[in-house]
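Residues per chain, in single letters:
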Amino acid sequence: MSKITLDHVTKKYGDVTVLNDFSAEFRDGEFITLLGPSGCGKTTMLRMIAGFEKPTSGEIRIDGVTVSSADVFVPPEKRGLGMVFQSYAVWPHMNVFKNVAYPLKLRKTPKAEIDEKVRKVLGIVHLSQYAERMPSELSGGQQQRVALARALVAEPKVLLLDEPLSNLDAKLRERMRFEIKEIQHRLNINVIYVTHDQGEAMTMSDRVFVINSGVLQQVGDPVDIYRHPSNQFVADFVGKVNFLKGHSENGRIKLEGIDDILDYSGELTGTVDVAIRPENIRLVSGNAHLNGRIVSEYFNGDVNDCRVLTGDKELRVIAEASTYGKFGKDSTVGLEIADFLVFPESDNDYRKIMT
Amino acid sequence: MCIINEDTVLKREKKFYFDVKWLFIIAIVGFLLVFQVFPLIYLVIRAFISEGSFSLSSFERIYSVPLNWTCVTNTLITATLSMIFGVLLAFPLAWLVGRTNLYGKKLFRTLFLMTYMVPPYVGAMAWLRLLNPKVGTLNVFLQNIFGLAEAPFDIYSIGGLVWVLTTFYYPYAFITLSRAMENMDPSLEEASRISGASPIKTLLTVTLPLMLPSIAASALLVFVAAASCYGIPSIIGAPGKIYTITTRIVDYVYIGSDEGLTDATVLAVFLMVMALLILFISNFVIGKKDYITVSGKSVRPAVVDLGRWRIPITILVGLFALVVVIIPFATVFATSVTMNMGKSVFEPGNFTLKYWETIISRSSILRSAQNSVVSAVWAASLGMIVCIIMAYLLKRTNVRGRKIPDFLITVGSGTPSVVIALALIMTMSGRFGINIYNTMAIMVIAYMIKYMLMGMRTVVSALSRVSPSLEEAAQISGAGWLRRLRDVVLPLIVPSIVAGWFLIFMPCFYELTMSNLLYSNNIKTLGVELYNYQTYHSQQTASALASGILILVAVVNFALSKLTKGKFSI
């Protein structure tokens, strides 16, 4: 069982702060995702846990043992971790078996045991019949599994994954999500997973750490992050969102530019930012108390993704697939706002932070 | 299993810790300081100090003495022209052989690199036979065909010198450029094609600009090589009374007078400063560019289809190879079995093997050959150890001071052979407590200083093609520094290491310039032996020796190619 503690970790390159005062604790058997746009510091965080980078200040502990601090530094090879790299980093001069057996070889494992363990882990990643292949004879997805098998073979208590699925095609990516999750359950290991894909974060994680510009934005389970984002950035980065200005008074919010008033039981008063997720707006036929004109609609198979103009605002609405073609472009529809989020007013344009 | 325990924690790393890697750097830097930096600096100081006080009067002699001034201009003209022609030849050849569907690419590559693997003075010997204004075989042949009254070419001219220098130094550029070209990410070119550019347009707008650093590097190599070449101008220049800086320096050293030595020193310093200045400029430009083009995923280089030009271009390249490689080599072979040099080898009774018998039986020649092998093996092996460690530290670590040895090695290689030898003679013959003059050690040291860079470049470029994540993957698997080097880095760069070893070994094996200044009667080398036979005794014996070297090169190349399953041949 394993526990990783990050204690006020800061990383600077010269004057540039890539990670600012980051504190967290990753507990036994947890699947942790570090989520954020590229350049937010999440990969740096992972590489500091692995030992490829040294924190400028702060402390990292694994199972209570300090591996990185002002005067202690345990190099990566002594940390006993497993890691899958974005580029796979499968050694081109070794066949699949040798790639996977390498960590065991370093641990002076007896040959018979190496054999058994490698076979077993290759079975887990569905590569049993490819043991003798060279990496150049494998597809990208297979190379990726080799990297995964190699990271798992020495039974590390912590598995680090650096955007491992970003080079795979969509179908395979989706399948690997479940496989990685499955393997984590079976082996009961800690996983720290770095990604910019909120879908991956949602489906796999026990807890998600949302990071932006080197600053931790929110920690929580996927449902929590999605339903109760702590700020506008999180609301926008995790999921889709329409931002509107509004005025909160006496338990009601009057929206700016849209002729609608929402019931609100929260504490914020005065000018607020209202965030409405597109799937929380329903299209209804006939007159509702909020009406709009359909500007465009896109059939997505499982949903109908459309833009509706109401007042002087264009709202994105993700409606049931069956609504596609029912109203038609430029027709008037009724809108029902089923749920929304309220934040203190901020002038930042959160969409611009996203890259 | 968790590896973190009390043991590892005890090995606390302090903020200012002593890095083991520094030991390597200190050892290598120390060696270079004593045997390279100090002698060269001494040379510079001596050039500036005349009669015990600082003065520039020695330098006035460069342009005030016509003997010196003509050799300076000759050197500049020939080196510049050879550089231009060399790169103009090497770039298209490297592209055709590396990236297109030209016929016989493997054969052409071997042929072109063959030239690199043989001593330049062999080229001089061959072209001397072919383009002698009176009896040159090729001249006579052309005169007969076109009914010319006079020989069309005169080898004893600036043009002749440039021609031989170019044909023997363009492979330097060819090697650098074809390596760079093969390592380029093909998707960069594909992106250009998909944007609507033709293969030629892509070559000119994407490939060429991306390769500019490599082109600059290769041009530098050719220029410095041509300017500091001694073998070719000494064989061709001397009869034609065309002196270059190198031949002039050697003459002065042989004369041995105090004034002569001063002139030699000043010319050497001039040559060195020029070479190092260009080196600095070029490295400054190249240093800015650093692409990692190969990741952990395997990529296949794209091949450009030459279409209907495939056959004509193949023929053209074939003709070039015939004139530049095959005919000169064949000439040397023919000379080695010719009894009477005035007649054709095909005339009855003019064929003989007695010169071959000479070279495999005469004990002085055998001893020289042995000396050459031993000293070249030492230079290549020690050199590669230094290169591997330094290239690794340079490319893969942030150790302070890692750039110093690299800088010194680069400077050493950029320094003309003649200068290195002169500097070593003047400092290592007991004047400063070290006397290794007249030993093999001084030659091995000189060879290393001069030729280590080729190994260094090869290993560095191989290393930059190995993505750091491959090594990080080994590190996270539990491998320490040496272990990573052994299990991941070395196997991936072994072909380059072997290549680098031979790139050092071969030029050392037949080295002439430095050996000619450093040899003593009991440790002559093959190059010296061959040069003496060519100049003073018997051109046939020299040709037989040269042919022997050619055969050896071919055999080594073949063996190497078999050994590495075709992955590597020179």
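Residues numbered from 1 in each chain as written. Chains lettered and ligands numbered in written order. Predicted model: local features only at pLDDT ≥ 70, side-chain atom pairs only at ≥ 80, totals over all residues. Heavy atoms only, no water.

1. As for the overall build of chain A
Part 1 of the reasoning: On a plain count of helices and strands, chain A comes out with nine helices and 20 strands.
Part 2 of the reasoning: Expressed as a percentage of the 355 residues in chain A, the buried residues total 55%.
Part 3 of the reasoning: Long-range contacts, defined here as pairs at least 24 residues apart, represent 65% of the contacts in chain A between residues at least 6 apart.
Part 4 of the reasoning: Element-wise, carbon and sulfur atoms account for 47% of the exposed surface of chain A, whose accessible area totals about 15500 Å². (Helix = DSSP H or I, 4+ residues; strand = E, 2+ residues; numbered from the N terminus. Buried < 20%, exposed > 50% of the residue type's maximum accessible area, 1.4 Å probe, protein only. Contact = heavy atoms within 4.5 Å. Areas by Shrake-Rupley, 256 points an atom, 1.4 Å probe, with all protein chains shown as cover.)

2. Looking at unusual backbone geometry
All names here are of chain A.
Part 1 of the reasoning: The phi dihedral of His 8 falls on the positive side, at around 50 degrees, and the residue is not glycine.
Part 2 of the reasoning: Considering the arrangement of structural elements, one finds His 8 in strand β1 (residues 4-13).
Part 3 of the reasoning: Although it is not a glycine, Ser 213 adopts a positive phi angle of roughly 50 degrees.
Part 4 of the reasoning: Take Ser 213: it is sitting in the loop between β9 (207-212) and β10 (215-220).

3. As for empty space enclosed by the protein
Part 1 of the reasoning: According to the stated counting rule, one finds eight cavities of 30 Å³ or more in the structure shown.
Part 2 of the reasoning: The volume enclosed by the largest cavity comes to roughly 450 Å³.
Part 3 of the reasoning: When residues of the lining of the largest cavity are traced back to their parent elements, those giving at least two are α5 (105-117), α6 (120-131), α8 (158-182), α10 (199-227), α17 (403-414) and α19 (440-465) of chain B.
Part 4 of the reasoning: Per-element tally for the lining of the largest cavity: the top contributor is α19(B), with five residues.
Part 5 of the reasoning: In terms of residue class, the lining of the largest cavity is made up of 20 nonpolar, seven polar and three charged.
Part 6 of the reasoning: Approximately 80 Å³ is the volume attributed to the second largest cavity.
Part 7 of the reasoning: The wall of the second largest cavity is formed by Leu81(A), Gly82(A), Met83(A), Pro103(A), Arg107(A), Arg150(A), Ala151(A), Ala154(A), Pro156(A), Ala473(B), Ile476(B) and Ser477(B).
Part 8 of the reasoning: Elements supplying a minimum of two residues to the lining of the second largest cavity: β6 (82-84) and α4 (140-152) of chain A together with α20 (468-476) of chain B.
Part 9 of the reasoning: When grouped by side-chain class, the residues that make up the lining of the second largest cavity number eight nonpolar, two polar and two charged. (1 Å grid on protein atoms, 1.4 Å probe; cavity = no way out; pocket = protein on both sides within 12 Å on 5 of 7 lines; lining within 4 Å. Points joined across faces, edges and corners; volume = space filled by probe spheres on them. Nonpolar A, V, L, I, M, F, W, Y, C, P; charged D, E, K, R; others polar.)

4. Some points on the sheet that holds strand β20 (residues 341-344) of chain A
Residue and element names in this part refer to chain A.
Part 1 of the reasoning: Taken together, five strands build an open sheet; the order of strands is β13-β12-β11-β14-β20 and the sheet is antiparallel. In this open sheet, the two strands that pair with only one neighbour each are β13 (261-263) and β20. On average, adjacent strands in this sheet sit at an angle of 40 degrees to one another, irrespective of strand direction. (Pairing = 2+ DSSP bridges. Axes fitted to C-alpha atoms, helices over the stretch in contact; angles between N-to-C directions.)

5. Some thoughts on the packing of aromatic side chains
Residue and element names in this part refer to chain B.
Part 1 of the reasoning: As enumerated under the stated definition, the model contains 20 aromatic pairs over all chains in all.
Part 2 of the reasoning: Ring centres of Phe 31 and Phe 35 lie 5.4 Å apart, and the angle between their planes is 50 degrees; this geometry places the pair in the tilted category. Of the two residues, Phe 31 and Phe 35 are both situated in helix α2 (residues 20-48); the distance of four residues between them amounts to about one turn of the helix.
Part 3 of the reasoning: Using a relative accessible area of 24% as the deciding quantity, one classes Phe 31 as partly exposed.
Part 4 of the reasoning: When its relative accessible area of 16% is taken as the criterion, Phe 35 is described as buried.
Part 5 of the reasoning: Through a chain of ring-to-ring contacts, three or more aromatic side chains come together here, namely Phe 108, Phe 112, Tyr 170, Phe 174 and Phe 320.
Part 6 of the reasoning: Taking the ring centre of Tyr 243 as reference, the NZ or CZ of Arg 248 above it sits at 4.4 Å. (Phe/Tyr/Trp six-rings, centres within 6.5 Å; stacked < 30°, edge-to-face > 60°. Lys NZ or Arg CZ within 6 Å of the ring centre and 35° of its normal.)

6. Notes on the sheet that holds β9(A)
All names here are of chain A.
Part 1 of the reasoning: The six strands lie next to each other as β6-β7-β8-β3-β9-β10, forming an open sheet whose pairing is mixed. Across the chains shown, the open sheet's two edge strands, defined by having one partner strand only, are β6 and β10. Here the average twist between neighbouring strands, direction ignored, is 15 degrees.
Part 2 of the reasoning: When strand β7 (residues 158-162) meets strand β8 (residues 190-195), the two strands line up parallel, connected through five bridges. Directly across from Leu 161, in β8, lies its bridge partner Tyr 193.
Part 3 of the reasoning: Against the sheet, α4 touches β6 and β7, its axis set at about 170 degrees to β6.

7. Quick look at the pattern of salt bridges
Part 1 of the reasoning: What the rule picks out here adds up to 23 salt bridges over all chains.
Part 2 of the reasoning: Measuring nitrogen to oxygen at the nearest pair gives 3.4 Å for the salt bridge that ties Asp7(A) to Arg61(A). Of this pair, Asp7(A) sits in strand β1 while Arg61(A) is found in strand β4 (residues 57-62), placing the two residues 54 residues apart along the sequence.
Part 3 of the reasoning: When its relative accessible area of 26% is taken as the criterion, Asp7(A) is described as partly exposed.
Part 4 of the reasoning: The shortest N-O distance in the salt bridge between Asp206(A) and Lys181(A) comes to 3.7 Å. Residue Asp206(A) is located in the loop between α6 (198-204) and β9, and its partner Lys181(A) is located in helix α5 (residues 170-187); the two are separated by 25 residues in the primary sequence.
Part 5 of the reasoning: Residue class for Lys181(A) comes out buried when judged on its relative accessible area of 15%.
Part 6 of the reasoning: One connected set of salt bridges, linked through shared partners, spans Lys11(A), Arg47(A), Glu53(A) and Glu472(B). (Salt bridge = Lys/Arg side-chain N within 4 Å of Asp/Glu carboxyl O.)

8. A short note on α19(B)
Residues and elements named next belong to chain B.
Part 1 of the reasoning: The terminal C-alpha atoms of α19, which comprises 26 residues, lie 37 Å apart, in line with the 38 Å expected from a rise of 1.5 Å per residue.
Part 2 of the reasoning: Taking the largest bend as the criterion, α19 deviates by roughly 45 degrees, centred on Tyr 451.
Part 3 of the reasoning: Judged by how many residues are buried, α19 sits mostly within the fold: 21 of 26 residues are covered. (Expected span 1.5 Å × (residues − 1). Bend = angle between axes of the 7 residues up to and from the residue.)

9. Let's talk about the packing of helix α4 (residues 66-99) of chain B against α5(B)
All names here are of chain B.
Part 1 of the reasoning: Relative orientation of the contacting elements α4 and α5 amounts to 140 degrees, with a least axis distance of 9 Å. You can see that α4 and α5 cross each other, and the crossing is left-handed. Two secondary-structure elements touch here, α4 through Leu 93, Leu 96, Val 97 and Gly 98 and α5 through Lys 105, Phe 108, Arg 109 and Phe 112.
Part 2 of the reasoning: Classifying every residue of the contact of α4 with α5 by side-chain character gives five nonpolar, one polar and two charged. (Left-handed = near helix turned anticlockwise from the far one by under 90°.)

10. Looking at the nonpolar core
Part 1 of the reasoning: Formed by 211 residues in total, the largest nonpolar core has its most connected members in Leu6(A), Phe26(A), Phe112(B) and Ile232(B).
Part 2 of the reasoning: Apart from residues lying up to four places away in sequence, Phe26(A) is in contact with Ser2(A), Lys3(A), Ile4(A), Leu6(A), Ile32(A), Leu34(A), Ile49(A), Asn190(A), Ile192(A), Arg207(A) and Phe209(A).
Part 3 of the reasoning: With 39 residues, the next largest nonpolar core counts Phe97(A), Val121(A), Ala131(A) and Leu168(A) among its residues. (Core = buried A, V, L, I, M, F, W, Y, C linked by side-chain atoms within 4.5 Å.)

11. Details of the environment of Gly58(A)
Residue and element names in this part refer to chain A.
Part 1 of the reasoning: Secondary-structure assignment places Gly 58 in strand β4.
Part 2 of the reasoning: Accessibility expressed as a relative area gives 26% for Gly 58, which makes it partly exposed.
Part 3 of the reasoning: Taking the C-alpha atoms as reference points, Gly 58 and Val 9, 49 residues apart in sequence, are found 4.1 Å from one another.
Part 4 of the reasoning: In contact with Gly 58, not counting residues within four places along its chain, are Asp 7, His 8, Val 9, Ser 68, Ser 69 and Ala 70.

12. Structural notes on the side chain of Asn304(A)
Residue and element names in this part refer to chain A.
Part 1 of the reasoning: Its location among the elements puts Asn 304 in strand β17 (residues 303-310).
Part 2 of the reasoning: Accessibility expressed as a relative area gives 0% for Asn 304, which makes it buried.
Part 3 of the reasoning: When sequence neighbours within four positions are dropped, the list of residues in contact with Asn 304 reads Glu 297, Tyr 298, Val 317, Ile 318, Ala 319, Glu 320, Ala 321, Thr 323 and Tyr 324.

13. Observations regarding the packing of α5(B) against helix α14 (residues 310-336) of chain B
Residue and element names in this part refer to chain B.
Part 1 of the reasoning: Interaxial distance between α5 and α14 falls to 10 Å at its minimum, and their mutual angle equals 35 degrees. Helix-helix and strand crossings are classified by hand; for α5 and α14 the assignment is left-handed. Residues Phe 108, Leu 111, Phe 112, Met 114 and Thr 115 of α5 form the contact with α14, whose participating residues are Thr 314, Val 317, Gly 318, Phe 320, Ala 321, Val 325, Ile 326 and Phe 329.
Part 2 of the reasoning: Among the residues forming the contact of α5 with α14, the class breakdown is ten nonpolar, three polar and no charged.

14. Quick word on the environment of Leu168(A)
All names here are of chain A.
Part 1 of the reasoning: Following the sequence through the fold, Leu 168 ends up in the loop between β7 and α5.
Part 2 of the reasoning: Taking the C-alpha atoms as reference points, Leu 168 and Ser 139, 29 residues apart in sequence, are found 9.8 Å from one another.
Part 3 of the reasoning: Excluding residues that lie within four positions of it along the chain, Leu 168 makes contacts with Tyr 88, Gly 140, Gly 141, Gln 144, Arg 173 and Met 176.

15. A short note on the pairing of strand β5 (residues 65-68) of chain A
Part 1 of the reasoning: Relative to β5(A), β4(A) is paired through three bridges, and the arrangement is antiparallel. Within the sheet, the bridge partner assigned to Ile60(A) lies in β5(A) and is Ser68(A).

16. Considerations on the pairing of β17(A)
Part 1 of the reasoning: By the bridge criterion, six bridges tie strand β16 (residues 291-299) of chain A to β17(A) in an arrangement that is antiparallel. Pairing of Ile294(A) across the sheet is with Val308(A), part of β17(A).

17. Overview of the side chain of Gln36(B)
Residues and elements named next belong to chain B.
Part 1 of the reasoning: Assignment of secondary structure puts Gln 36 in helix α2.
Part 2 of the reasoning: Look at Gln 36 and you get buried, because its relative accessible area is 2%.
Part 3 of the reasoning: Side-chain polar atoms of Gln 36 contact the backbone oxygen of Leu 408, separated by 2.8 Å.
Part 4 of the reasoning: Among residues more than four places away in sequence, those in contact with Gln 36 are Phe 31, Leu 408, Val 411, Gly 412 and Ile 449. (Polar contact = N/O pair within 3.5 Å; in protein donor to acceptor, adjacent residues only side chain to side chain.)

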